[in-house]
Amino acid sequence: ETSYYLGRERLLPSGAARMARWRKKLFAFLSRNARSATEFFGIPANEVVEPYLVRRATLLASDEMIAEMRAVLDREEQIARSGNMPAFFRIGRDFHRLIGQASGNAPLTRFVQQNEEHADLYLLSTGQDIGTERMRSSNEEHHEILDAIADGIVEGGVELGRAVAHLRLVVLSQ
């Protein structure tokens, strides 16, 4: 199990360092144009983004948001039992959208939704059937994430968020 904590810094050519101004500008330029850490190390974007959203949702989710997420997961559970894969993917995206809304980070929420939509379309277009057992397992993990969010257990929700992101990668790689 690996945790990824990423940040981005910006170098500004200033200060009294004993370096020529052109070198300071060169280093600042190179830093701005460097590949991101996720790209350089080959870290799947959702391994960084989803745990962050879960952590923020744990800190910020209101009781109303948690109740709405519970209602979505109850519907997801019914859909999982029916085996309707397109509907299951749709309701799963609804759950992640609500986590994103609870986190208060609209740009990352849109990113996760678009990424999941692409993954779901890929699975559907290639005819891969994830089966009702995986759907039920995913629903159980979603319930565990929501319980951690509702109980305010930040790291518990984050670990489960990583597990869900990992599950999606495993399904896509098969």
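Summarised in this report is the structure supplied together with it. What you are looking at is a predicted structure, and each value in this text was computed from that prediction instead of being measured.

Scoring rules and cut-offs
Residues numbered from 1 in each chain as written. Predicted model: local features only at pLDDT ≥ 70, side-chain atom pairs only at ≥ 80, totals over all residues. Heavy atoms only, no water. Core = buried A, V, L, I, M, F, W, Y, C linked by side-chain atoms within 4.5 Å. Buried < 20%, exposed > 50% of the residue type's maximum accessible area, 1.4 Å probe, protein only. Helix = DSSP H or I, 4+ residues; strand = E, 2+ residues; numbered from the N terminus. Salt bridge = Lys/Arg side-chain N within 4 Å of Asp/Glu carboxyl O. Contact = heavy atoms within 4.5 Å. Axes fitted to C-alpha atoms, helices over the stretch in contact; angles between N-to-C directions. Parallel < 35°, antiparallel > 145°, perpendicular 65-115°, else oblique. Left-handed = near helix turned anticlockwise from the far one by under 90°.

**Topic: the nonpolar core**
Working step 1: Residues Met69, Phe88, Phe95, Ile99, Ile130 and Ile149 are the most contacted members of the largest nonpolar core, which totals 27 residues.
Working step 2: Elements represented by at least two residues in this core include exactly helix H3 (45-60), helix H4 (63-82), helix H5 (85-103), helix H6 (106-125) and helix H7 (131-151).
Working step 3: The element best represented in this core is H5, accounting for nine residues.

**Some thoughts on the pattern of salt bridges**
Working step 1: By the definition in use, this model includes five salt bridges.
Working step 2: Here aspartate 147 makes a salt bridge to arginine 70, at a shortest N to O gap of 3.1 Å. On the criterion of sequence distance, the pair formed by aspartate 147 in helix H7 and arginine 70 in helix H4 is long-range, its members being 77 residues apart.
Working step 3: Overall, the relative accessible area of 31% leaves arginine 70 in the partly exposed class.
Working step 4: Two residues, glutamate 77 and arginine 81, come together in a salt bridge whose shortest N-O distance is 3.5 Å. Here glutamate 77 pairs with arginine 81, and both are found in helix H4, just four residues apart, close to one helical turn.
Working step 5: With relative accessibility at 53%, the residue arginine 81 sits in the exposed group.

**Focus on the side chain of asparagine 139**
Working step 1: Locating asparagine 139 in the fold gives a position in helix H7.
Working step 2: Apart from residues no more than four positions distant in its own chain, asparagine 139 is found in contact with Leu73, Glu76, Glu77 and Phe88.

**Focus on the packing of H4 against H5**
Working step 1: Remark: H4 packs on H5, axes separated minimally by 9 Å, with the N-to-C direction vectors making an angle of 165°. Here H5 runs roughly antiparallel to H4, going by the angle between their axes. In terms of crossing hand, the pair formed by H4 and H5 is left-handed. The residues of H5 that touch H4, namely those facing Met65, Glu68, Met69, Val72, Leu73, Arg75, Glu76, Ile79 and Ala80, are Ala87, Phe88, Ile91, Gly92, Asp94, Phe95, Leu98, Ile99, Gln101 and Ala102.

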